[in-house]
Amino acid sequence: MPSPELEIQNLSVAFSSPRGKLIAVNGISFQLNPGETLALVGESGCGKTVSALSILRLLPEPPAKILSGKILFDNQDLLSLNAKALQDLRGNSISMIFQDPMTSLNPVLTVGEQIAETLLRHTTMNRREALQKSADLLNRVELPSPEEKLKYYPHQLSGGMRQRVMIAMALACAPRVLIADEPTTALDVLIQAQILELLESLKKEMSILIITHDLGVVSETAQRVLVMYAGEIVESGPTKALLKDPFHPYTKGLIASIPKLGDKKKPGARLEEISGNVPGLDQRPSGCPFHPRCSWAMETCKTQNPQLRKVESQRQVSCHLEPGSL
Ligand code: SF4
């Protein structure tokens, strides 16, 4: 078994607030293997983005605070790096595509200046070479008339084009790890499919951690899935097996709430949903955090939070129920 490209060990992250320390990520561990595409899924507020931003130490500290854990990459713990070493790493060995390209791109710099900036920071290229490489990158992400687009400002591009620019920036230094945080959320279905196709074409070159609430995106892109709820990983496993036969009631609820083609529902019938909402950081229930929303909850679930345990060679679940009893 090759050693993992990126390994997260027992990561816990909290935010300070007038109401005290609020835990957003609670002791998660996972590995991203070389050449793997791994999906981190869950509803908004489950801790996916906080986990991803913590990898590159992009959360403002304070109010955020990493309470424990290790983030291992290239034989070093990223949590022990100083600011200069982190800057050398970001956009170079590990890159990130952010949720909303409109707010992530700088509105007063042209596309060319923004991509070239990454190259000037991390390579020995001069400005002319960096701009030429930027055009090549725009061509790589299939943006039409790349030389011309270098002169555009973000507001002159459509949402799909801006996302392609973000991907071009992320690819500039050929990273070993790409973190894609909801890369298709703000896009219409057609553009979403094109962006997913583009990510698919990158799989051979790098390991990808894709963060999404969309199980359709997961089934199309990822080999393995981690399901997060209330800051914890509640289920993990190979995509096909996990989507076909979920072991955790939360995963089952997420899958059941996807509308399916050919479903013979009566006109006006409601789609299935998971009742209730993800608890706020200051409203975390005792025991299993999913118990107020779980149709299978038992007395013990109200007081004891189950540990994540191995249930098959590649699958883990944290639930008091035995796998296969849903
Ligand atoms: Fe539901 Fe209990 Fe399993 Fe939590 S531990 S998911 S409440 S059955």
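Residues numbered from 1 in each chain as written. Predicted model: local features only at pLDDT ≥ 70, side-chain atom pairs only at ≥ 80, totals over all residues. Heavy atoms only, no water.

## Some words on the overall build of the protein chain
Okay, step 1: Regarding its fold elements, the protein chain presents eleven helices and twelve strands.
Okay, step 2: Relative to its length of 326 residues, the protein chain is compact, with a C-alpha radius of gyration of 21 Å against a globular reference of 20 Å.
Okay, step 3: The buried share among the 326 residues of the protein chain stands at 47%.
Okay, step 4: Carbon together with sulfur atoms contributes 51% to the accessible area of the protein chain, which is approximately 16100 Å² in total.
Okay, step 5: Taking the 35 positively charged and 34 negatively charged side chains of the protein chain as two groups, their mean positions are separated by 2 Å. (Helix = DSSP H or I, 4+ residues; strand = E, 2+ residues; numbered from the N terminus. Rg over C-alpha atoms; globule rule 2.2 N^0.38 Å. Buried < 20%, exposed > 50% of the residue type's maximum accessible area, 1.4 Å probe, protein only. Areas by Shrake-Rupley, 256 points an atom, 1.4 Å probe, with all protein chains shown as cover. Lys, Arg positive; Asp, Glu negative; His and termini not counted. Charge placed at Lys NZ, Arg CZ, Asp CG, Glu CD.)

## Topic: the packing of helix H4 (residues 111–122) against helix H5 (residues 127–140)
Okay, step 1: Remark: H4 packs on H5, axes separated minimally by 8 Å, with the N-to-C direction vectors making an angle of 115°. On the basis of the axis angle, H4 is roughly perpendicular to H5. Crossing handedness for the pair H4 and H5: right-handed. Residue-level contacts link Val111, Gly112, Ile115, Ala116, Leu119 and Leu120 of H4 to Arg127, Ala130, Leu131, Lys133, Ser134, Leu137 and Leu138 of H5.
Okay, step 2: When the residues that make up the contact of H4 with H5 are grouped by side-chain class, the tally is nine nonpolar, two polar and two charged. (Axes fitted to C-alpha atoms, helices over the stretch in contact; angles between N-to-C directions. Parallel < 35°, antiparallel > 145°, perpendicular 65-115°, else oblique. Left-handed = near helix turned anticlockwise from the far one by under 90°. Contact = heavy atoms within 4.5 Å. Nonpolar A, V, L, I, M, F, W, Y, C, P; charged D, E, K, R; others polar.)

## Digging into the pairing of strand S9 (residues 224–229)
Okay, step 1: Across the six residues of S9, six count as buried, placing the element largely inside the fold.
Okay, step 2: Because side chains alternate across S9, one face comprises the buried residues Arg224, Leu226 and Met228, and the other comprises Val225, Val227 and Tyr229, equally buried.
Okay, step 3: Pairing of S9 with strand S10 (residues 232–238), which is carried by six bridges, proceeds in the antiparallel orientation. Looking across to S10, one finds that Met228 is bridged to Ile233.
Okay, step 4: In this antiparallel pair of consecutive strands, S9 and S10, the connection spans two residues, and Ala230 shows a positive phi of 50°. (Pairing = 2+ DSSP bridges.)

## Structural notes on the sheet that holds strand S3 (residues 37–41)
Okay, step 1: Read from one edge to the other, the open sheet built from eight strands follows the order S6-S7-S8-S3-S9-S10-S12-S11, with strand pairing classed as mixed. Across the chains shown, the open sheet's two edge strands, defined by having one partner strand only, are strand S6 (94–97) and strand S11 (309–312). Shown here is a sheet whose adjacent strand axes are inclined to one another by a mean of 20°, direction ignored.
Okay, step 2: With four bridges joining them, S6 and strand S7 (residues 177–181) adopt parallel strand pairing. The residue of S7 that forms the bridge with Ser95 is Leu178.
Okay, step 3: In this fold helix H1 (residues 48–55) packs onto S3, S6, S7, strand S8 (207–212) and S9, with an angle of close to 145° to the strand it touches most, S8.
Okay, step 4: Contacts from helix H8 (residues 189–202) reach S6, S7 and S8 within the one sheet, and its direction differs from that of S8 by about 155°.

## Looking at the nonpolar core
Okay, step 1: Membership of the largest hydrophobic core comes to 90 residues, with the highest contact counts inside it found for Leu6, Ile94, Ile179 and Tyr250.
Okay, step 2: No other element matches the six residues that helix H7 (residues 159–171) contributes to this core. (Core = buried A, V, L, I, M, F, W, Y, C linked by side-chain atoms within 4.5 Å.)

## Observations regarding H5
A turn of α-helix holds 3.6 residues, and therefore any two residues three or four places apart point the same way.
Okay, step 1: With 14 residues, H5 extends 20 Å from end C-alpha to end C-alpha; this agrees with the ideal 20 Å at 1.5 Å per step.
Okay, step 2: When we look at burial in H5, the residues that qualify are Ala130, Ser134, Ala135, Leu137 and Leu138. Burial along H5 is one-sided: seen end-on, the buried residues are contained in an arc of 160°. Of the exposed residues in H5, the ones pointing more than 90 degrees away from its buried face are Arg128 and Asn139. (Expected span 1.5 Å × (residues − 1). Arc of directions from axis to C-beta.)

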